[in-house]
Each structure stands twice: as C-alpha cells, then as structure tokens.
Amino acid sequence: MGRAGLGPPPRAARAVAPGEGRPEERAVMRPRGDPAAAPHVSIILPVHNAERWLHECLRSVLQQDFAGPMELSVFNDASKDQSLRILEEWKAKLEDSGIPVVIGGHESPYPRGVGYSKNQAIAQSSGSYLCFLDSDDVMMPQRVRLQLDAATRHPTSIIGCQVRREPPDSTERYTRWINQLAPEQLLTQVFTSHGPTVVMPTWFCSRTWFSHVGPFDEGGQGVPEDLLLFYNHLRKGGGVVRVDRSLVLYRYHPDAATHSVLETTIWTHRVRFLEERVLPHWAAFTIWNAGRQGRRLYRSLSAGARRKVVAFCDVDENKIRKGFYCYEDSKETPKPRVPILHFRAARPPFVICVKLDLTGGEFEANLRSLNLQEGRDFLHFS
C-alpha cells in the first residue's frame, strides 16, 4: 500500500472557496490541443434531482487547476426538477473553457439508481482515469491534479482524500474517522460500520483498474453499491491510498442516497466479508463486547465461525460476574455457553464490537495497554 500524504501543492496553486467569484473569473483556461485526443481524466457525475446543488458542483469542475485534458461525463437519472436545464447551461461554460461535456440520461418515470447512473456515465466517457463526484458535493481546485499524481503512482489503488463536512457539526465522529485513519488502517478498518475507508465521492482510479473490478451493482435504491465495489476491489488485491488534503466538500442532508440503505443490509455484507477475509485464518478468536453488539455479531456468524468464538470480553463487572453467554436460539444440544472474561484475561485475536471515539478515550487506552497489533491481533467491527 502506498503512502498517504502527498505533500503540499505547488505554491502557484491557490485554494478558491466554493462559490467565490464569478465562474468566468475563476476558470482555468486550457488549450484544446488535438480535438481527437482522448481526455486523460473523466469526471463521473450521476445526477438525480440535484438542482439545489448543481451550480456549486459544476463551478468546482470549472475551477480545477489541472491543466491537462479533462472531460465531464454526466448521467441524468430521470430528474424531474431543473437539473437538465442547469447541466445544459454549464455545458456551454465548461466547453468554452476547454472541458468537453458528455450528457446522457433517461426520462422514465423512476430513477434506476446510483449504481446504474455511475456505470452509464463511465461507459460514455473516454478518460484513462476516473474521478468520481456526487452532484451535492464540491471539489477543491487541486483535487484532480493531486489525485491523478497519486493514481499514476498507485495504478491498482482507489485514491481518496480528506474531506470537509457540510454542515461542519454533522457526523463529527465519522468525519474524524475519514480524515484521521493511519495509512495501514485504510485496509484494517474495512469491516467497520462506517463503510469504505475512503468515502465514495472522493474516489479516483484508473479506468483499467475499474474495468478489472467493476461495474457497480445496479440493484437500485437500498443497495450499498459503493461498499460492494470496494469489497470487490479488495478481493482483487487493490490498495487504498488517501491524499492528506481536504479536497472535497462532502455534504450531509436528509435526501442523500446513502440514507436509503438499511443498516441491516450493511451489517449482513460486513459479517460475510469478515467471514470471507479474516476468520478462515484464525483458529479461534474472542469477541470484545459482551453486550448487544457483540452478541449480535455472534448470532450473525455462520455455525462454523461461531464455533471459533472461545470467549467474550468486557469491562462490565455485571456481565463478567454472570460468567457466560448462552445462545438460546441455537439448535445445538447442549446450547453453546461462551465464557465472558475481563479483557485482560482474554486472549487475542479479538473482533472488537466497541464503537470508537465514544468513551472519552477509556476504551482506546485499554486496547493500547495490551500492546497488540491491529490487523494481526485485533480488528475493529463496530
């Protein structure tokens, strides 16, 4: 896996706040060159009823300081608002600045979903590299340039970046997690409830690698298409690299597509991926948390994986005093009784079902005191 920090951009680059100045004043003029040459970078933009955000989003495409060939590929997924009118308006502005724009879409009564729209936008594009963008987000001017530099050095990796959340006080724990994971944790923390360790609207990768891994699942609403592709990327040996610059303004709002995915759906995919990638390599393991989440994980495991659970561990004296957890719904006779131990008496490896960043550092201090190695001796699941 490559290093995460790419250092500061050249001094000539200047961050422009989203919405600052008129688009025409902030555009980076690009020589058109050979009109037959394929664009080097394709910005992939699925759109569905995005009129509220599109002006800022498209302005951020215009403001990119990348001077190489670049195109915008948009797929309009049955928008019923003014999204298409806004796209046509910005098509002229972008093409005047040397950025070709391809607009596809359909007008059927119902949208076909984010996965379908991304696949269609990719199919109609022609760049050697794909830069994913959501219509409710905003790119900083350096994004394409810095992520392309990382992608050329890590051709089989998904390249992400740090983000600035909008509103700033929304999903504070999640935002800290996105921005502060150590490089090695980009691979070890892929089983947590947070999903991909670099968020999808920050993804950048080569077309060749995407074609090897993809396409996105087109199941539509309720399908975590980004998580499924991310897992498939890891299955095929892909790396994860983060540019340690805040290059995307990542919005949180009630209409975001991610809210349509049920927590139970995400849970099921996470458990199966844990069983596929980790548990076959462990002869036995301990679940850290004898409470609700730990017991839920135990019950969700396949019968073979459950038999590898030798103990639960916790700090709650009441749970430890009880001595064991009995799986009453088991069809086995006698029903499994799993010991509950103090965490210092338990043996690694651990699957940790304790949420991070919620105990004022107490849990993290307990874990550090054991001098364990993440990925070898323990994995975070919550």
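Scroll up to find the structure this text is about.
Our subject in this report is the structure included herewith. Just so you know, these numbers come straight off a predicted model, no measurement behind them. (Residues numbered from 1 in each chain as written. Predicted model: local features only at pLDDT ≥ 70, side-chain atom pairs only at ≥ 80, totals over all residues. Heavy atoms only, no water.)

### Some points on the environment of serine 157
Inference 1: Position of serine 157 among the secondary structure elements: in strand E6 (residues 157-166).
Inference 2: Residue classification places serine 157 among the buried residues on the basis of a relative accessible area of 6%.
Inference 3: Linking serine 157 and histidine 233, residues 76 residues apart in sequence, is a C-alpha distance of 8.4 Å.
Inference 4: Residues in contact with serine 157, not counting those within four places in the same chain, are Phe204, Cys205, His233, Gly239, Val240 and Val241. (Helix = DSSP H or I, 4+ residues; strand = E, 2+ residues; numbered from the N terminus. Buried < 20%, exposed > 50% of the residue type's maximum accessible area, 1.4 Å probe, protein only. Contact = heavy atoms within 4.5 Å.)

### Thoughts on the packing of helix H10 (residues 263-277) against helix H11 (residues 292-300)
Inference 1: Where H10 meets H11, the axes come as close as 11 Å, and the angle between the chain directions of the two elements is 65 degrees. Two packed elements cross with a definite hand, and for H10 against H11 that hand is right-handed. Residues Glu263, Thr264, Trp267, Val271, Arg272 and Leu274 of H10 lie in contact with H11, whose contacting residues are Gln293, Arg296, Leu297 and Ser300.
Inference 2: For the contact of H10 with H11, a count of residues per class yields four nonpolar, three polar and three charged. (Axes fitted to C-alpha atoms, helices over the stretch in contact; angles between N-to-C directions. Left-handed = near helix turned anticlockwise from the far one by under 90°. Nonpolar A, V, L, I, M, F, W, Y, C, P; charged D, E, K, R; others polar.)

### Re the pattern of salt bridges
Inference 1: Summed over the entire model, instances satisfying the criterion amount to 14 salt bridges.
Inference 2: Put simply, arginine 85 and glutamate 89 hold a salt bridge, and the shortest N to O gap is 3.4 Å. Taken together, the residues arginine 85 and glutamate 89, both in helix H3 (residues 83-96) and four residues apart, mark about one turn of the helix.
Inference 3: A relative accessible area of 46% means that arginine 85 is categorised as partly exposed.
Inference 4: For glutamate 89, a relative accessible area of 30% translates into the label partly exposed.
Inference 5: For arginine 242, the salt bridge is made with aspartate 244, and the minimal N-O distance between the two is 2.6 Å. (Salt bridge = Lys/Arg side-chain N within 4 Å of Asp/Glu carboxyl O.)

### Side note on unusual backbone geometry
Negative phi characterises most residues that are not glycine, and trans characterises most peptide bonds.
Inference 1: Of note, the bond from glutamate 166 into proline 167 is cis; its omega dihedral lies within 30 degrees of zero at 0 degrees.
Inference 2: Mapping proline 167 onto the fold places it in the loop between E6 and helix H6 (172-180).
Inference 3: Look at the link from glycine 214 to proline 215: it is a cis peptide, with omega at 10 degrees.
Inference 4: Tracing the sequence through the fold places proline 215 in the loop between helix H8 (207-213) and helix H9 (225-235).
Inference 5: Of note, the phi angle at asparagine 49 is positive, near 50 degrees, even though the residue is not glycine.
Inference 6: By secondary structure assignment, the location of asparagine 49 is in the loop between strand E1 (41-47) and helix H2 (51-62).

### Topic: the nonpolar core
Inference 1: If you look at the biggest cluster of nonpolar residues, it comprises 95 residues, and the most contacted ones within it are Phe132 and Leu297.
Inference 2: Phenylalanine 132 has contacts with Ile44, Ile122, Arg143, Met200, Pro201, Trp203, Cys205, Phe210 and Phe216, leaving out every residue within four places of it along the chain.
Inference 3: The next biggest cluster of nonpolar side chains, apart from the first, holds ten residues, and it includes Phe343, Ala346, Val354 and Leu367. (Core = buried A, V, L, I, M, F, W, Y, C linked by side-chain atoms within 4.5 Å.)

### Thoughts on helix H5 (residues 143-153)
Inference 1: For H5, a buried count of eight out of eleven residues is recorded, marking the element as mostly surrounded by other parts of the structure.
Inference 2: Residues Arg143, Val144, Arg145, Leu146, Gln147, Leu148, Ala150 and Ala151 constitute the buried set of H5.

### Observations regarding the packing of H9 against H10
Inference 1: In the contact formed by H9 and H10, the axes pass within 11 Å of each other and the chain directions differ by 5 degrees. By the criterion of interaxial angle, the relationship of H9 to H10 is roughly parallel. Within the contact between the two elements, H9 uses Leu227, Leu228, Tyr231, Leu234 and Arg235 and H10 uses Ile266, His269, Arg270, Phe273, Glu276 and Arg277.
Inference 2: Of the residues that constitute the contact of H9 with H10, the class distribution is six nonpolar, one polar and four charged. (Parallel < 35°, antiparallel > 145°, perpendicular 65-115°, else oblique.)

Functional significance is not addressed by these values, which are geometric in nature.
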